[in-house]
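Notes for the structure review
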Amino acid sequence: MSRRAEIERQIVKLERELSSLPPDQDHAVNAELSLTEYTRYGRQMLVRELGKRGQILLRKSSVLVVGAGGLGCPALLYLSGAGIGKLGIVDHDVVSLSNLPRQTLYSVSAIGMLKVDAAISELRRRNSEIEYVAYPFALTSDEALRVVDGYDVVLDCTDTPMSRYLLGDVTRILNIPLISASALRTEAQLLVLNRSQYASTGPGDAPCYRCVFPTPPSHVDACSDAGILGPVVGTAGLLQALEAIKIIAAAAHPELYGATPGMLLFNSMSDRPFRTIRTRRRQSSCKTCGDNPSITKRTFNEYNYTEFCHISETYPVVTSDTITVSELESVFKNAESDQYYLIDVRDSTQFEICSLANSIHIPLHIFLSEKLTGEQIAMLKDERMNYIICRYGNDSRTAVKWITENLGATQTYNVTGGLAAWSRKIDPEFPEY
Amino acid sequence: MTVPLTVEFSGGLEILFGGERTLNITLRPSDKQASSTIADLVKYLCDERMTDKRKELFVIEEYHVRPGILVLINDADWELEGEEEYVIQSGDQILFASTLHGG
């Protein structure tokens with residue numbers, strides 16, 4: 001064996017030995033805080049539930065934040081502020097203008113930058129004592145075990161069922177507490193998973209994500225379609241940071257900490273905005289943490305999350321009876337305005353944001369709940385063309401199908417791509433929201 | 001015996017029920033039954049109270065609540081109470097919450 005090969009073999013052996021050793025804790029546990037740390041963290045150390053021992057625990061701990069969007073930004077801001085020793089950030093996306101109202105780590109100058117880079121540069125300006133690790137990719141089952149392993153707490157700040165199941169499984173397999181949050185419109189939800197007691201080191205009877213949601217949803221709304229208020233998603237992100245801090249600091253004062261809350265529903269429009277829900281406990285039938293788990297450290301790579309979370313297409317597919325935005329433009333130019341109707345089926349909130357000047361507003365739900373007036377029905381059935389438009393062309397397709405099925409043969413066309421295509425291809429002055 | 005109860009919707013489900021977040025309901029058991037279960041309530045909501053025709057956004061396979069909707073009986077996951085079989089008591093608060101995924 002050559003000298004080179006011999007050394008390489010020794011390196012591999014030593015690295016393996018090193019990774020099997022527990023981390024050197026004595027130094028970190030016993031180390032006194034630096035003078036600047038006393039000053040910086042003094043206010044929170046005064047709180048009995050944290051104290052100096054809790055602060056030292058925060059400093060030697062690590063938290064992985066998956067998703068640096070509306071949840072991740074406020075969570076990271078406060079975790080970094082609190083002095084967590086190491087923060088990992090996973091996100092494959094770049095900053096865009098529509099992120100800025102709620103993704104509080106980004107400024108106009110960060111537009112186009114990778115979120116992980118922009119976030120770390122901002123966090124470092126505020127607290128450079130912390131180790132930041134960037135993972136600029138979308139988490140997949142190939143990478144997840146490697147990335148997540150070794151972190152003390154994981155925050156799920158992602159926005160798809162697939163990533164939520166993936167993180168739920170990987171954290172349960174690795175026995176890491178998971179704080180999962182989500183938000184839409186005026187509401188948010190928070191779940192503390194894999195831990196039923198703050199100060200415990202194991203899951204006990206706590207459910208994992210798959211225990212609570214054994215079957216993936218058959219329908220999902222995204223923030224980009226249904227909307228989101230910044231402070232609503234921000235509230236959920238802050239609660240995630242708080243739960244992470246509590247889980248880490250509980251070991252310093254176990255007598256002050258009890259059971260984790262399970263699930264919290266926040267509805268900002270309710271007269272009871274915060275509600276704690278008693279969730280189910282660990283399920284013996286769970287595929288990840290039940291009595292006969294099929295998703296394990298060994299089989300995890302083979303599990304197909306895309307297939308499992310396949311969201312069925314709820315929109316009817318209509319191939320004929322369509323018109324492009326360019327064709328619509330020539331209709332506007334060439335046809336007399338009494339030869340057609342342009343019908344906008346978006347909801348009133350969206351119609352108020354912007355609409356084409358010559359459009360008639362009939363929201364989709366009026367069709368689907370069969371609340372059309374006799375006048376509207378007569379209008380749809382008369383000899384004029386009906387051009388149906390919405391934001392992206394999906395709701396309008398549903399409306400065209402409804403009209404064709406319920407009002408018989410009418411000259412009704414779906415504007416493909418909707419108003420978004422109109423702004424991109426025909427009129428750049430028409431707002432995109 | 002009729003039972004008065006409160007039904008609440010959240011996570012966008014209210015859109016299917018004419019935008020109403022809260023319904024005060026008096027449930028009458030059908031002829032053969034002495035009481036009403038969650039399954040009866042779900043059927044009643046679909047047949048009598050839903051204003052949107054897109055039933056598949058609330059139930060699948062006839063009258064089973066679709067995956068992705070949490071059913072909470074007096075602030076407890078319905079799994080703890082017997083799911084569809086739970087017998088509704090006077091004054092119960094039943095919340096149907098669509099799980100959110102945005103972030």
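Note that this is a predicted model, so its numbers are computed, not measured.

Rules of the game
Residues numbered from 1 in each chain as written. Chains lettered and ligands numbered in written order. Predicted model: local features only at pLDDT ≥ 70, side-chain atom pairs only at ≥ 80, totals over all residues. Heavy atoms only, no water. Helix = DSSP H or I, 4+ residues; strand = E, 2+ residues; numbered from the N terminus. Buried < 20%, exposed > 50% of the residue type's maximum accessible area, 1.4 Å probe, protein only. Contact = heavy atoms within 4.5 Å. Pairing = 2+ DSSP bridges. Axes fitted to C-alpha atoms, helices over the stretch in contact; angles between N-to-C directions. Core = buried A, V, L, I, M, F, W, Y, C linked by side-chain atoms within 4.5 Å. Salt bridge = Lys/Arg side-chain N within 4 Å of Asp/Glu carboxyl O. Parallel < 35°, antiparallel > 145°, perpendicular 65-115°, else oblique. Nonpolar A, V, L, I, M, F, W, Y, C, P; charged D, E, K, R; others polar. Buried area = accessible area lost by both parts, 1.4 Å probe. Polar contact = N/O pair within 3.5 Å; in protein donor to acceptor, adjacent residues only side chain to side chain. pLDDT = per-residue confidence, 0-100. Phe/Tyr/Trp six-rings, centres within 6.5 Å; stacked < 30°, edge-to-face > 60°. Lys NZ or Arg CZ within 6 Å of the ring centre and 35° of its normal.

**A few points about the overall build of chain A**
A count of helices and strands for chain A gives 18 helices and 13 strands. Projecting the C-alpha coordinates of chain A onto the three principal axes gives extents of approximately 85 × 55 × 50 Å. Among the 433 residues that make up chain A, the fraction classed as buried is 49%. Within chain A, contacts between residues at least 6 apart in sequence are counted, and of these 67% link residues at least 24 apart.

**Side note on the sheet that holds strand β2 (residues 86-90) of chain A**
Each strand in a sheet pairs with its neighbour through backbone hydrogen bonds, running either in the same direction (parallel) or in the opposite one (antiparallel). Residues and elements named next belong to chain A. Across the sheet, 8 strands lie side by side as β3-β2-β1-β4-β5-β6-β7-β8; this open sheet has mixed pairing. For this open sheet the edge positions go to β3 (131-135) and β8 (274-277), each flanked by a neighbour on one side alone. Across the sheet, the mean angle from the axis of one strand to that of its neighbour is 15 degrees, orientation sign disregarded. Strand direction decides the pairing type here: strand β7 (residues 263-267) and β8, joined by 4 bridges, are antiparallel. Across the sheet, the residue bridging to phenylalanine 266 is phenylalanine 274, located in β8.

**Topic: the nonpolar core**
All names here are of chain A. Judged by nonpolar contacts, the single largest core of 53 residues is most densely connected at Val63, Leu79, Tyr106 and Leu155. Ignoring anything within four residues of it in the chain, the contact list for leucine 79 reads Val63, Val65, Ile84, Leu87, Leu155, Ala241, Ala244 and Ile245. The next biggest cluster of nonpolar side chains, apart from the first, holds 37 residues, and it includes Leu193, Leu265, Ile277 and Ile295.

**Digging into the environment of Glu143(A)**
Within the fold, Glu143(A) resides in the loop between β3 and α7 (144-148). Remark: the alpha-carbon pair of Glu143(A) and Asn301(A), spanning 158 residues in sequence, is separated by 8.9 Å.

**Describing the pattern of salt bridges**
Evaluation of the coordinates by the stated rule reveals 23 salt bridges over all chains. The residue Asp93(A) makes a salt bridge to Lys115(A) at a minimum N-O spacing of 4.0 Å. Pair noted here: Asp93(A) is in the loop between β2 and α6 (115-126) and Lys115(A) is in helix α6, with a separation of 22 residues, a long-range link. The exposure class assigned to Lys115(A) is buried, which follows from its relative accessible area of 5%. The salt bridge partner of Asp75(B) is Arg275(A), with a shortest N-O separation of 3.5 Å. In this pair, Asp75(B) is assigned in the loop between β5 (69-73) and β6 (76-77) and Arg275(A) in strand β8, connecting two distinct chains. Like Arg275(A), Asp75(B) is buried. A single salt-bridge network, built from bridges that share partners, covers Arg272(A), Arg275(A), Glu8(B) and Asp75(B).

**Remarks on the sheet that holds strand β9 (residues 322-323) of chain A**
All names here are of chain A. The strand order across the open sheet formed by 5 strands is β9-β13-β12-β10-β11, and the pairing between neighbours is parallel. Pairing within the sheet leaves two strands with one partner each, and these edge strands are β9 and β11 (359-361). Inspection of the sheet shows strand β10 (residues 340-344) paired to β11 by 3 bridges, in the parallel sense. Residue pairing in the sheet places aspartate 344 in a bridge with histidine 361 of β11.

**A few points about the packing of helix α4 (residues 51-59) of chain A against helix α11 (residues 230-249) of chain A**
Residues and elements named next belong to chain A. With their axes 9 Å apart at the nearest point, α4 and α11 run at an angle of 110 degrees to one another. In terms of orientation, α4 lies roughly perpendicular with respect to α11. Contact residues: α4 offers Gly54, Leu57 and Leu58, while α11 offers Ile245, Ile248 and Ala249. Classifying every residue of the contact of α4 with α11 by side-chain character gives 5 nonpolar, 1 polar and no charged.

**Topic: the interface of chain A and chain B**
Chain A puts 44 residues into the contact, and the matching count from chain B is 33 residues. Here chain A meets chain B over a buried area of about 3,100 Å², counting both sides, of which 53% is carbon and sulfur. In terms of surface lost to chain B, no three residues of chain A exceed Arg278(A), Arg280(A) and Leu368(A), which account for 18% of the buried area on that side. The tally of links between chain A and chain B comes to 6 salt bridges. Summed over the shared surface of chain A and chain B, the result is 16 residue pairs in polar contact (both at pLDDT 80 or more). Those elements that provide at least two residues to the side of chain A that touches chain B are α8 (161-173), β5 (178-184), β6 (187-193), β7, β8 and α15 (364-368) of chain A. Considered class by class, the residues forming the side of chain A that touches chain B number 19 nonpolar, 15 polar and 10 charged.

**As for the confidence of the model for chain B**
Confidence along chain B averages 90 in pLDDT terms, with 100% of residues attaining 70 or more. Across the assembled chains, the prediction reports ipTM 0.90 with pTM 0.83.

**Brief notes about the packing of aromatic side chains**
Tallying each qualifying case throughout the model produces 18 aromatic pairs over all chains. Here the aromatic rings of Phe17(B) and Phe58(B) are separated by 5.3 Å at their centres, their planes lie at 80 degrees, and the arrangement is edge-to-face. With Phe17(B) in the loop between β1 (3-10) and β2 (22-27) and Phe58(B) in the loop between α1 (38-49) and β3 (59-60), this residue pair connects regions lying 41 residues apart in the sequence. In terms of burial, Phe17(B) and Phe58(B) fall into one category: buried. In this structure an aromatic cluster arises from ring pairing among Tyr165(A), Tyr209(A), Phe213(A), Phe300(A), Tyr303(A), Tyr305(A) and Phe308(A). The ring of Tyr151(A) carries the charged tip of Lys86(A) above its face, separated from the ring centre by 4.9 Å.

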